[in-house]
Amino acid sequence: MLCSKLLDEYDSFKESKRYIVEKQKIINNVKVIKNKCKVPVYGVIKCDGYGMGLIFIAKTLKESGINKFGVSSVEDLITLRKNGFENEEILMLFSTCLEEELRVIVEENGVATVGSLECAILLDNIASQANKKVKVHIKIDTGMGRYGFLCDDMLSILKVYKTFKNIEVRGIYSHLSCSYCNVRKTKSQIKEFTVLLERLKNKNINVGITHIANSSAIFKYDNCYFNAVRIGSALVGGVANESKYGLERVGYLEDKVREIKWLPSHFSIGYGSKYRTDWSTKVAIIPIGTKDGFGVVKKYDTYRIRDCIKYICSILKRCIFNRKTYVEINNKKVPVLGDIGQNHIVVDITALGIEVGNKCKVYINPLYVNNNILKEYI
Ligand SMILES: *Cc1c(COP(=O)(O)O)cnc(C)c1O
């Protein structure tokens, strides 16, 4: 009897952990982006729509007048086609020599990216078998080292335009490797792409739609627009100094304060006992941790001496200025004490009047938010 009652209650238990996505902020960000660029925008919605949910973000963008999308997997193409995006242009942001992927692109009428002759040959064959013409954009590698023809491989590029009966070239693009961090490199990539386009035009090639800019580029380089831009992270406010440009960060993780207690002075907190209280401290314990994506950071690259020095400086700064990580409870900024655990954080709420059950907001890069967390759209 008691047992089944408990089970009933257990069934109706709702986890309080939520990832909250604020739709209006995305709509505002799109307005800012459109005003800035004045050319068609490819909404890049890879990685589950930058963690916001693929279909949700695609619908939101469509409502905002965006009907061209860029994705990084054929699964995304299939999902979009199945969920009401039958006619939108969907550009694959990768060149591939995997026939199973090319087959899906042809079947689902995706716009393929061709970055090698091998890819073009396979794609042309598959399209011919399906008795279809497949639309493609040619990819030029100006310094990413991933997909695309090198600029001096003119013969191959011209071949793609001229040779294949079942391939219809609709555009050409390149991708910037450091629009957020290196002016000289970015300018040289834009220049290289511009020169290549000139050379193609001089050979009477109709290059179609041309594009190179990603999110950071549109706010920093006036000559990067060409006839389209591909925007991902800016849709969710994920560029440095976003507020300067009128963008807003979208999405936060939310859960409730679970326990509250006082700790005496010189008491240690967290694994490794890295933090010790200076004085008597009131703490709250919140069930948010690295398993949710909090405190998970990208590995710091240390390829160049300059990056190593930067890395060491950032550690020193943290030590000297004791820069803490903060969360938000009842609109108050609250510091995290000690290491972020897998499942828990401990925060300092001394003199803040915070109670058990109060909601704690944590801003995390949405790309790192655990996919299993329930999303709530507001
Ligand atoms: C991810 C991606 C983009 C979008 O980049 P953001 O900086 O997030 O705007 C554009 N183009 C390609 C090829 C990409 O892979």
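I will try to describe carefully the structure that is included in this document. (Residues numbered from 1 in each chain as written. Predicted model: local features only at pLDDT ≥ 70, side-chain atom pairs only at ≥ 80, totals over all residues. Heavy atoms only, no water.)

## Here we look at unusual backbone geometry
Part 1 of the reasoning: Unusually for a residue other than glycine, Asn131 sits at a positive phi of about 60°.
Part 2 of the reasoning: When you line up the elements, Asn131 lands in the loop between helix H7 (117-129) and strand S6 (134-141).
Part 3 of the reasoning: Backbone geometry places Phe226, a non-glycine residue, at a positive phi of 45°.
Part 4 of the reasoning: Secondary-structure assignment places Phe226 in the loop between helix H10 (215-218) and strand S10 (229-231).
Part 5 of the reasoning: Given the relative accessible area of 22%, Phe226 is considered partly exposed. (Helix = DSSP H or I, 4+ residues; strand = E, 2+ residues; numbered from the N terminus. Buried < 20%, exposed > 50% of the residue type's maximum accessible area, 1.4 Å probe, protein only.)

## Focus: the pairing of strand S11 (residues 252-256)
Part 1 of the reasoning: Of all five residues making up S11, four are buried, and the element is well covered by its neighbours.
Part 2 of the reasoning: Across three bridges, strand S1 (residues 18-21) lies against S11 in antiparallel orientation. From the neighbouring strand, Ile20 faces S11, where its bridge partner is Tyr252.
Part 3 of the reasoning: As paired strands, S11 and strand S19 (residues 359-362) are joined by four bridges and run antiparallel to one another. Across the sheet, the residue bridging to Leu253 is Val362, located in S19. (Pairing = 2+ DSSP bridges.)

## Quick look at the layout of surface pockets
Part 1 of the reasoning: Approximately 270 Å³ is the volume attributed to the second largest pocket.
Part 2 of the reasoning: As for the second largest pocket, its lining consists of 20 residues, of which Glu89, Asn109, Gly110, Val111 and Lys135 are closest to the centre.
Part 3 of the reasoning: Of all the secondary structure elements, the ones that give two or more residues to the lining of the second largest pocket are strand S4 (89-95), helix H6 (99-107) and S6.
Part 4 of the reasoning: In terms of residue count, the dominant contributor to the lining of the second largest pocket is S6 (three residues). (1 Å grid on protein atoms, 1.4 Å probe; cavity = no way out; pocket = protein on both sides within 12 Å on 5 of 7 lines; lining within 4 Å. Points joined across faces, edges and corners; volume = space filled by probe spheres on them.)

## Thoughts on the sheet that holds strand S17 (residues 332-337)
Part 1 of the reasoning: Across the sheet, which stays open at both edges, the nine strands sit in the order S12-S15-S18-S17-S16-S19-S11-S1-S20 with mixed pairing between neighbours. Since the sheet does not close on itself, it has two edges, and those belong to strand S12 (259-263) and strand S20 (375-377), each with one partner. Across the sheet, the mean angle from the axis of one strand to that of its neighbour is 35°, orientation sign disregarded.
Part 2 of the reasoning: Summarising the sheet, S1 and S20 pair through three bridges and their orientation is parallel. If you follow Val21 over to S20, its bridge partner there is Tyr377. (Axes fitted to C-alpha atoms, helices over the stretch in contact; angles between N-to-C directions.)

## A short note on the site of the ligand
Part 1 of the reasoning: If you check the shell around the ligand, you find Val44, Lys46, Tyr50, Leu93, His175, Asn214, Ser215, Arg230, Ile231, Gly232 and Ser233 and nothing else.
Part 2 of the reasoning: Contact between the ligand and Gly232: an oxygen atom at 2.8 Å from a main-chain N or O atom of the residue.
Part 3 of the reasoning: Contact with the protein chains removes 90% of the 390 Å² of surface that the ligand exposes when unbound.
Part 4 of the reasoning: Counting residues per element, the ones that place at least two in the shell around the ligand are helix H3 (46-50) and S10. (Near = heavy atom within 4 Å. Polar contact = N/O pair within 3.5 Å; in protein donor to acceptor, adjacent residues only side chain to side chain. Areas by Shrake-Rupley, 256 points an atom, 1.4 Å probe, with all protein chains shown as cover.)

## A short note on the environment of Tyr19
Part 1 of the reasoning: In this structure, Tyr19 sits in strand S1.
Part 2 of the reasoning: Classification of Tyr19 by relative accessible area gives buried; the value is 0%.
Part 3 of the reasoning: When the C-alpha positions of Tyr19 and Asp222 are compared, they lie 36 Å apart, and in sequence the two are 203 residues distant.

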